[in-house]
Amino acid sequence: MFSFTPEKIRQRKSSPRFMVYDISLMVTAADVMPDQVAADAVFRGYLVESAIGAYLLARSKEEGFHVYCWRERNQEVDFVLQKGPSITAIEVKSGRMRGEGGYLAFMKQYPKALCYVVGSNNCSVEDFLLGNIELFK
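Residues numbered from 1 in each chain as written. Predicted model: local features only at pLDDT ≥ 70, side-chain atom pairs only at ≥ 80, totals over all residues. Heavy atoms only, no water.

*Asks:* Help me understand the overall build of the chain, please; the structure alone is not making it clear to me.
*Replies:* Secondary structure assignment for the chain yields six helices and four strands. Listed N to C, the secondary structure of the chain is α-α-α-α-β-β-β-α-β-α in terms of helices and strands. With 137 residues in all, the chain has 42% of them scored as buried. Sequence separation of at least 24 residues holds for 55% of the intrachain contacts in the chain that already meet a minimum separation of 6. For the chain, the accessible surface area stands at approximately 8,300 Å², while carbon and sulfur atoms represent 55% of it. (Helix = DSSP H or I, 4+ residues; strand = E, 2+ residues; numbered from the N terminus. Buried < 20%, exposed > 50% of the residue type's maximum accessible area, 1.4 Å probe, protein only. Contact = heavy atoms within 4.5 Å. Areas by Shrake-Rupley, 256 points an atom, 1.4 Å probe, with all protein chains shown as cover.)

This is the structure:
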């Protein structure tokens, strides 16, 4: 997954972010038991973010959109989706507490983009993974 930018040359020069299509690979590689995952908020956060990423990658193949990440200096957004002119920013919150500046900075730069914070009161992880959230306007 490459960085989201309107400049194609910058996009291709960015370091790709690797995502797993099956989070069971992460759990197996980490050699942890389910109760350990529940107790480790940081690892659980990585798993939830990876599950969201795998879900988006699978849907992107079916629905014809692109999945990117976005980072400028110390600001980042976990996933940026693009389908034609429509852009959606997705920040995942699930135990790893990070600042909210990333998606706010993204929205400032791309004010017409749709934005979701998955794991918030307005967009639960469950609703998102069940497909109850529209990805584009």
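This is not the end of the story, as more comes after the structure.
*Asks:* Looking at this structure, I do not really get the sheet that holds strand β4 (residues 114-118). What am I missing?
*Replies:* Backbone-to-backbone hydrogen bonds pair the strands of a sheet. The strands run either parallel or antiparallel. Spatial ordering of the open sheet is given by β1-β2-β3-β4, a layout of four strands whose pairing is mixed. Two strands bound the open sheet, and with one partner strand each, they are β1 (66-72) and β4. Averaged over all adjacent pairs, the angle separating strand axes in this sheet is 30°, with direction ignored. Packed on one face of the sheet, helix α4 (residues 41-63) meets β1, β2 (75-83), β3 (86-92) and β4 and runs near 20° to β2. Taken strand by strand, helix α5 (residues 101-109) contacts β1, β2, β3 and β4, and its axis lies near 50° from that of β2. (Pairing = 2+ DSSP bridges. Axes fitted to C-alpha atoms, helices over the stretch in contact; angles between N-to-C directions.)

*Asks:* Just checking my understanding: could you explain unusual backbone geometry for this structure?
*Replies:* A negative phi holds for most residues other than glycine; trans holds for most peptide bonds. In this structure, Asp 31 is a non-glycine residue whose phi angle is positive, near 55°. For Asp 31, the location among the structural elements is in the loop between α2 (24-30) and α3 (34-39). Judged by relative accessible area, Asp 31 falls into the exposed class, the value being 68%. In the Ramachandran plot, Arg 73 falls in the positive-phi region, its phi being about 55° despite a non-glycine side chain.

*Asks:* Even after reading the chapter, I still don't get the state of the cysteines, so can you show me in this structure?
*Replies:* A covalent bond between the sulfur atoms of two cysteines is referred to as a disulfide. This structure, assessed with the given rule, holds zero disulfides. Take Cys 123: it sits in no disulfide, and the sulfur closest to it among the cysteines is that of Cys 115, at 9.8 Å. By relative accessible area, which is 2% here, Cys 123 ends up buried. (Disulfide = S-S within 2.5 Å.)

*Asks:* Hey, could you run me through the pairing of β2 in this one?
*Replies:* Along a regular strand, successive side chains alternate from one face of the sheet to the other. Of the strand pairs in this sheet, β1 and β2 are connected by six bridges, and their pairing is antiparallel. Bridging across to β2, Glu 72 finds its partner in Gln 75. With antiparallel pairing between neighbouring strands as the criterion, β1 and β2 make up a hairpin whose turn holds two residues, including Arg 73 at a positive phi of roughly 55°. Alignment of β2 against β3, held across five bridges, turns out to be antiparallel. Residue Leu 81 lies in a different strand from β3, and its bridge partner there is Thr 88.

*Asks:* I would appreciate a short explanation of the nonpolar core in the present structure.
*Replies:* Considering soluble globular proteins, one finds that nonpolar side chains tend to be buried as a cluster. Within the largest apolar cluster, 21 residues are counted, with the highest numbers of intra-cluster contacts made by Ile 52, Leu 56, Phe 79, Leu 81, Ile 90, Phe 128 and Leu 135. For this core, the secondary-structure elements that each account for two or more residues are α4, β2, β3, β4 and α6 (125-129). If near-sequence neighbours (up to four positions away) are discounted, Ile 90 is found in contact with Leu 56, Val 77, Asp 78, Phe 79, Leu 81, Tyr 116, Val 118, Phe 128 and Leu 135. Core analysis: the next-biggest nonpolar cluster, separate from the first, contains twelve residues, Val 77, Val 80, Ile 87 and Tyr 110 among them. (Core = buried A, V, L, I, M, F, W, Y, C linked by side-chain atoms within 4.5 Å.)

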